[in-house]
Amino acid sequence: MNPFPKPRQHGAWAMFLIPAVMAASLVGEWNWAALFLIVSFILIFLSYEPAVRVVRRWKNRRILAKEQLRWIIRFAGAGALIAVIVFIRYGQWDALFFGCVVALTMILHLWLTVNKQNMSIPGELVGVFGLTSSAPVIYLFLHQSMDARGWILWLINFLYFAGSIYYIKLKLRIQPQFSQPSNQIKIKKATPLLVYNMILILFLWITIWIRNYTWLFLLAFGPYIIKSIIGIFTWKTKAALNPKQTGFVELFHAIFFLIINILAFNIH
């Protein structure tokens, strides 16, 4: 038996687990059904890399990767079965329908990956859209409807992790290509990240002010904004590049984002 193909995008774990945990925490009391849904998300996520290999090998060489297909059946089959049982057991048909829509998003991202378009900005945004959808699926399941709080929950998670795309691209793909440039060049190379952050801060500021939300929602993005500004001027050459360290920093900030937003939702 071939070894199980581990997911390559480690940051994707945070992109669906943090929104899922955030959504589950807003119900007021622990719900075991939400835990089963999170387990189903994990299992389906584990089937993604085998699915990429199956589709890619079939597309390129018309060869059916049977061992990888077995991994898909084991993980995706188990995950889908758990989710369907939970949805039917509690009569949550809207959540089931929403989950099917999210599944279509994953299929779209799978096709982009096979065609090597997943690392583009549109491709990565599709991935973030699908992964953060764990929040509305669980919220809809627990509350039977998507009210304003549910949509905001999804939106802030999407905005946070979409911003991480621009930051990671700058630190791991753009900066290592150049030696230490001038500050003017640094700012120019970081233009997409700067524009995104300005739009993000403006949007959060206006939304919090108009809807009278707690400013903790803005504080939750604080480490990300500070990290972005420092990251623009702290240039990382290829020799100084440490992807693992960058990943740990991202995880720490994501946990901070989770905790502050849970407090913010409870206060609001």
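The structure displayed is predicted, hence computed values, not measured ones.

With that settled, the discussion passes to the overall build of the chain. For the chain, the helix and strand inventory stands at 13 helices and zero strands. The secondary structure elements of the chain, listed N-terminal to C-terminal, are α-α-α-α-α-α-α-α-α-α-α-α-α. In terms of C-alpha radius of gyration, the chain reaches 20 Å, essentially the compact-globule figure of 18 Å for 268 residues. Each of the three principal axes of the chain carries a C-alpha extent, and together these read 55 × 55 × 25 Å. Per-residue burial over the chain gives 46% buried out of 268 residues. Partitioning the contacts of the chain with sequence separation of at least 6, the portion at a separation of at least 24 is 81%. Looking at the chain as shown, the accessible area adds up to about 14500 Å², and 69% of this sits on carbon and sulfur atoms. Of the charged side chains in the chain, 25 are positive and 7 negative; the average position of the first set lies 15 Å away from that of the second.

Our focus in this paragraph is the packing of helix H3 (residues 48-61) against helix H5 (residues 93-114). Packing of H3 against H5 leaves a shortest axis separation of 9 Å and a crossing angle of 55 degrees. One way to sum up the angle between H3 and H5 is to call them oblique. Seen along the crossing, H3 lies across H5 with a hand that is right-handed. Taken together, the residues of H5 that come into contact with H3 (itself represented by Tyr48, Ala51, Val52, Val55, Arg56 and Lys59) are Met106, His109, Leu110, Trp111, Thr113 and Val114. A breakdown of the residues in the contact of H3 with H5 according to their chemical character gives eight nonpolar, two polar and two charged.

What follows is about helix H1 (residues 11-25). With 15 residues, H1 extends 21 Å between its outermost C-alpha atoms, agreeing within 8% with the 21 Å of an ideal straight helix rising 1.5 Å per residue. Within H1 the residues assigned to the buried category are Ala12, Ala14, Met15, Phe16, Ile18, Pro19, Ala20, Met22, Ala23 and Ala24.

Here we come to the packing of aromatic side chains. Counted by the stated rule, this structure contains 19 aromatic pairs. Judged by centre distance (5.0 Å) and plane angle (45 degrees), the rings of Phe16 and Phe45 are tilted. With a gap of 29 residues between them, Phe16 in helix H1 and Phe45 in helix H2 (residues 32-46) connect regions that are remote in the sequence. Under the relative-accessibility criterion, Phe16 is labelled buried at 3%. On the basis of relative accessibility, which here comes to 11%, the residue Phe45 falls in the buried class. Between Tyr160 and Phe161, the ring centres sit 5.1 Å apart and the planes meet at 90 degrees, which makes this aromatic pair edge-to-face. Both residues of the pair, Tyr160 and Phe161, belong to the buried class. Grouped by ring-pair contacts, the aromatic residues Tyr160, Phe161, Phe221, Tyr224 and Phe257 constitute a single cluster.

Our focus in this paragraph is helix H8 (residues 148-174). Taking 1.5 Å as the rise per residue, H8 with 27 residues should run 39 Å; its terminal C-alpha atoms sit 38 Å apart, in good agreement. The largest bend in H8 comes to about 25 degrees, at Ile168.

A word on the side chain of Gln175. Within the element layout of this structure, Gln175 appears in the loop between H8 and helix H9 (183-189). At 3.0 Å, the side chain of Gln175 and the side chain of Lys171 are in polar contact.

Scoring rules and cut-offs
For every chain, the first residue of the written sequence is number 1, and numbering continues from 1 onward in sequence order. In view of the model being predicted, local features appear only for residues whose pLDDT reaches at least 70, and side-chain atom pairs are presented and counted only at 80 or more, with totals across whole chains, interfaces and linings using the full set of residues. Computation of side-chain values: all heavy atoms of the structure, hydrogens and water removed. Helix and strand labels come from DSSP, where a helix needs a run of H or I of at least four residues and a strand needs a run of E of at least two; each type is numbered from the N terminus. The atom set for the radius of gyration is the C-alpha atoms, and the globule formula is 2.2 Å times the number of residues raised to the power 0.38. Partly exposed describes any residue whose relative accessible area lies between the buried limit of under 20% and the exposed limit of over 50%, with all areas from a 1.4 Å probe on protein chains only and scaled to the type maximum. Working rule for contacts: check all heavy atoms of both residues, and any pair within 4.5 Å makes them a contact. With residues, only the protein chains shown are counted as cover, and all accessible areas are computed by Shrake-Rupley using a 1.4 Å probe. For the purpose of counting charges, residues Lys and Arg are taken to be positive, whereas Asp and Glu are taken to be negative. His and the chain ends are not included. Where a charge lies is defined by one atom per residue type: Lys uses NZ, Arg uses CZ, Asp uses CG and Glu uses CD. Geometry is summarised by axes, namely lines fitted to C-alpha atoms with helices restricted to the contacting stretch, and by angles between N-to-C directions that run from 0 to 180 degrees. Each angle receives one of four descriptions, namely roughly parallel if under 35 degrees, roughly antiparallel if over 145, roughly perpendicular if within 65 to 115, and oblique otherwise. Two helices cross in a left-handed way if the nearer one is turned anticlockwise from the farther one by less than a right angle. They cross in a right-handed way if the turn is clockwise. Amino acids are sorted into nonpolar (Ala, Val, Leu, Ile, Met, Phe, Trp, Tyr, Cys and Pro), charged (Asp, Glu, Lys and Arg) and polar (every other residue, Gly among them). Expected span of a helix: the number of residues minus one, times 1.5 Å. When the centres of two rings from Phe, Tyr and Trp lie within 6.5 Å, Trp using its six-membered ring, the rings pair. Their planes under 30 degrees apart give stacked, over 60 give edge-to-face, and anything left gives tilted. Here the bend at a residue means the angle between the axes of two seven-residue stretches, the one that ends at it and the one that starts at it. Pairs of N or O atoms are called polar contacts if they sit within 3.5 Å, as long as, within protein, a hydrogen donor faces a hydrogen acceptor (for residues adjacent in sequence, only side-chain-to-side-chain pairs).

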